[in-house]
Amino acid sequence: MVDACDIVVVGAGPAGLAAAEAAASHGKRVVLIDSQPRAGGQVWRHDALHGQPRVAMDAIRAAAGNANVTYLEGTQVVAVEPERLLLQDARRGFHLAYGALVLATGARELLLPFPGWTLPGVTGAGGLQALAKQGWPLRGKRVLIAGSGPLLFAAAATAQRHGAHVVGIHEQAGASAVHRFAAGLWRWPGKLAQAARLRLELARVPYRTGSIVTTAEGDHGVSGAHVRGGQGDERIECDLLAVGYGLLPQVELAQLLGCALEPEGAHARVQVGPWQATSQPRVFAAGEACGIGGIDCARVEGHIAGLAAAGAAVPRALVQRRDRARAFAASLRQHFALRDDVRGLANDDTTICRCEDVSLGAVRTHTDAREAKLATRCGMGACQGRICGGALAELGHGPRGGMRPPLFPTRLATLGEPVLSSVSDTRGYTP
Amino acid sequence: MKMSTVRLTINGLRVHVPAGISVATAIALVGQPFRHSVTGEPRAPLCGMGVCFECRVRIDGVAQQRACQRVVNPGMRVETDG
C-alpha cells in the first residue's frame, strides 16, 4: 500500500492524466486517483459498448501505465490536512502524504430546476451521455435533449449510437448567437471538424435554437415535455428528457485546501497563475476546475501543472497553447450565455434541493446559502449542495458557502483512521 | 462474439446482466425502481457521474453507494429502497 509520494494528482480525466505523465516523466513518484471505476474523466468516459477513443487509451496508458505512477481507481478525497489527504475507496479509508498536489477535479453540469425535473427519466444532458456509456437501456427510446452548448450534440450523438431515437435538440441560445459561434470556429480547426462530424451524424435530428423546456410531465416517469420557442409552446412526447445548461468547475477540494477562488459567472473557479499554481503552496490546478475550457485546454494545463509540480521548466510553447485554448472557452461562454428566462422556470412548488425535497418557495426569502440551509435543510443531503447550490447561485440566491470535511458522505470507519485529529482543524474555511 | 454476463441480485431478484455495465444501468435494465425521496417521490439517476446521489443504493450491505460509480461484479447484492 502506498502511504506517501511526491505528487498526488486528483482526477484522471484529460488534465489529470497529462499532469501525472508529465510529473512522472521527471522521475517523480505520482499517485493518480479518480472516483470513477475507470480512467478517462467524463469526456473520455469508457463506453460499455464502444470502448474509448484511441487518443484516450493512449493518454491513459502514458499516465497510468508509467512505472512511476500508481493509479487508484474508485478512490475519493474525503478530507485534507497539511500535506496529507484522507482517501476512501469501496473497501477502506487511508491516508496519503504528498509533496505537491495537482487538482484536476473537472466539471459537473449546471442543472436548473423546472417543474417535473425530479421525475425518473429526466437527466442532465451530460448525465444522459454518461449513463448511455454505462450501458443504460436506450434502444428504441424517444429522447429529447435540451439546454445549452455543444455538449447537447455530443449527448445526442452518444444516445443515437446506443439506439435511441433523438426527437430533438433544443438550444436555449438564439439562432444569431449560435451562428456567430459557428462562424468563428475556423480559428480552432479541430473543433470545427468535430462540430461538422456531429452535425452530419445528427442530420436527421431537428435542431431548434431559442427553445426551452419549461415543464416535464409524467406519472411515474417522464412521458413528455413542454417546449417554448419561436413557434410558441408545444408538447413533445419522450421517454427520456436530458437537460443541461453547460458546465460548472468542481472546486470543493480546492476550497477545502484554502485555495483562492474567482468568479466564473455566478459560480467559482480556482484561481491559478501562469504555471497553474494556486494561492496555496505546492498546490496546482488544471483543466475545468480553473474555468470551463474544454479538453484541449485541460490537456495542456495538466501538462503545465505536472511539470510545475515536479519543479521542471515549463516550455513557453505550452503556455501559448494554453492561452489559445482558453480563448475558445471565452467564445463558448459568450455565445451560449444563458437567457434570463431559463432562470425563471421553477415556481414556488418546484423542488430545488432534491436530497431534502425543499421547494424554491421555501428558500426564496433567503439571500444567503448558509441561512437557507439552516432554516430549510436545503443543501444538507447526500449531494452536499452540489446540485441545488449551483442552481441557486445561477438563480441569484447567493453563492455557495465554504466546504467542510468530509467532502463526500463517508463511512465512520474511514473517519476513524488514525491521524485524523488535525483534520477537523479546517483553518477558517467554515462557511 | 458472445457477450459475457454477470449474475447478481437486485432487490432479492437473481439477474443476469452484461459484464462491464454500471450497477445503475443494471437496475434500469431489469426494471427495478431506484430510491424514493424523503417525501416519497420516485427518483432515478440524474447526473450519471457520482455527484447528485439520486442513484444511491446499498451494495453488499454498505449503504449510500452511488450505483453509477460501480461496475457490476459477480455475486453483488444490490438493494434500492424503491
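Reading the values: the criteria
- Residues numbered from 1 in each chain as written.
- Chains lettered and ligands numbered in written order.
- Predicted model: local features only at pLDDT ≥ 70, side-chain atom pairs only at ≥ 80, totals over all residues.
- Core = buried A, V, L, I, M, F, W, Y, C linked by C-beta atoms within 7 Å.
- Buried ≥ 20, exposed ≤ 12 C-beta atoms within 10 Å, placed from the backbone.
- Helix = DSSP H or I, 4+ residues; strand = E, 2+ residues; numbered from the N terminus.
- Contact = placed C-beta atoms within 7 Å.
- UniProt positions renumbered as here; feature names shortened; annotations may be inferred.
- Axes fitted to C-alpha atoms, helices over the stretch in contact; angles between N-to-C directions.
- Parallel < 35°, antiparallel > 145°, perpendicular 65-115°, else oblique.
- Left-handed = near helix turned anticlockwise from the far one by under 90°.
- Nonpolar A, V, L, I, M, F, W, Y, C, P; charged D, E, K, R; others polar.
- Domains from an automatic or database assignment.
- Arc of directions from axis to C-beta.
- Pairing = 2+ DSSP bridges.

Topic: the nonpolar core
Residues and elements named next belong to chain A.
In step 1: Within the largest apolar cluster, 88 residues are counted, with the highest numbers of intra-cluster contacts made by V143, I145, L241 and I352.
In step 2: The greatest single-element share of this core, amounting to seven residues, is contributed by helix α4 (residues 151–161).
In step 3: Apart from residues lying up to four places away in sequence, I352 is in contact with P113, A346, V358, S359, L360, V363, C378, C388, A391 and L392.
In step 4: Ranked by size, the runner-up nonpolar core spans 71 residues in total, among them V251, L256, A305 and L407.

Structural notes on α4 of chain A
Residue and element names in this part refer to chain A.
In step 1: Here α4 lies mainly inside the structure; eight of its 11 residues are buried.
In step 2: Among the residues of α4, L151, L152, F153, A155, A156, A157, T158 and A159 are the ones counted as buried.
In step 3: Of the surrounding secondary structure, the elements contacted by the buried residues of α4 are α3 (125–133), β9 (142–147), β10 (165–171), α6 (189–201) and β15 (240–244).
In step 4: Just downstream of α4 lies G163, where phi reads positive at about 95°.

Points about the UniProt feature "domain: FAD/NAD(P)-binding" (unreviewed entry) in chain A
In step 1: UniProt's feature table lists "domain: FAD/NAD(P)-binding" (unreviewed entry) at residues 6–294 of chain A, given in the numbering used throughout.
In step 2: The straight-line gap between the two end C-alpha atoms of residues 6–294 of chain A is 28 Å; of that span, 24% is helix and 32% is strand.

A look at the packing of helix α1 (residues 14–24) of chain A against helix α2 (residues 54–64) of chain A
All names here are of chain A.
In step 1: Look at α1 against α2: their axes get within 8 Å of each other, and the N-to-C directions meet at 40°. With respect to their mutual orientation, α1 and α2 come out oblique. In the packing of α1 onto α2, the handedness of the crossing is left-handed. Contacts between α1 and α2 involve P14, L17, A20 and E21 on the former and, on the latter, A59, I60, A62 and A63.
In step 2: Considered class by class, the residues forming the contact of α1 with α2 number seven nonpolar, no polar and one charged.

Let's talk about the domain arrangement of chain A
All names here are of chain A.
In step 1: The domain boundaries assigned to chain A delineate domain 1 (4–108 + 248–314), domain 2 (111–245) and domain 3 (346–394).
In step 2: Distance from the C-alpha centre of domain 2 to the C-alpha centre of domain 3: 26 Å.
In step 3: Among the residues forming the side of domain 2 that touches domain 3, the class breakdown is five nonpolar, one polar and no charged.

Some points on the interface of chain A and chain B
Reports of interface size often rely on the accessible area that becomes lost once the parts have come together.
In step 1: Each side of the interface is counted separately: chain A has 30 residues, and chain B has 32 residues.
In step 2: Those elements giving two or more residues to the side of chain A that touches chain B turn out to be β7 (107–109), α3 and α12 (386–394) of chain A.
In step 3: Examining the composition of the side of chain A that touches chain B, we find that three residues originate from one element, α3 of chain A, more than from any other.

Topic: α2 of chain A
All names here are of chain A.
In step 1: Burial in α2 covers these residues: A56, A59, I60, A63 and A64. The buried residues of α2 all sit within an arc of 105° when viewed along its axis, so they share a single face. Facing away from the buried side of α2, by more than 90 degrees, are the exposed residues R54 and V55.
In step 2: Buried residues belonging to α2 abut α1, β2 (30–33) and β3 (69–72).

Points about the sheet that holds strand β13 (residues 224–229) of chain A
Residue and element names in this part refer to chain A.
In step 1: Reading across the sheet, the three strands line up as β12-β13-β14 and stay open at both edges, with antiparallel pairing between neighbours. Of all the strands in the sheet, just β12 (212–217) and β14 (232–237) have a single pairing partner and so form its edges. Across the sheet, the axes of successive neighbouring strands diverge by a mean angle of 25°, strand direction being ignored.
In step 2: In the sheet, β12 pairs with β13 via five bridges, with the strands oriented antiparallel.

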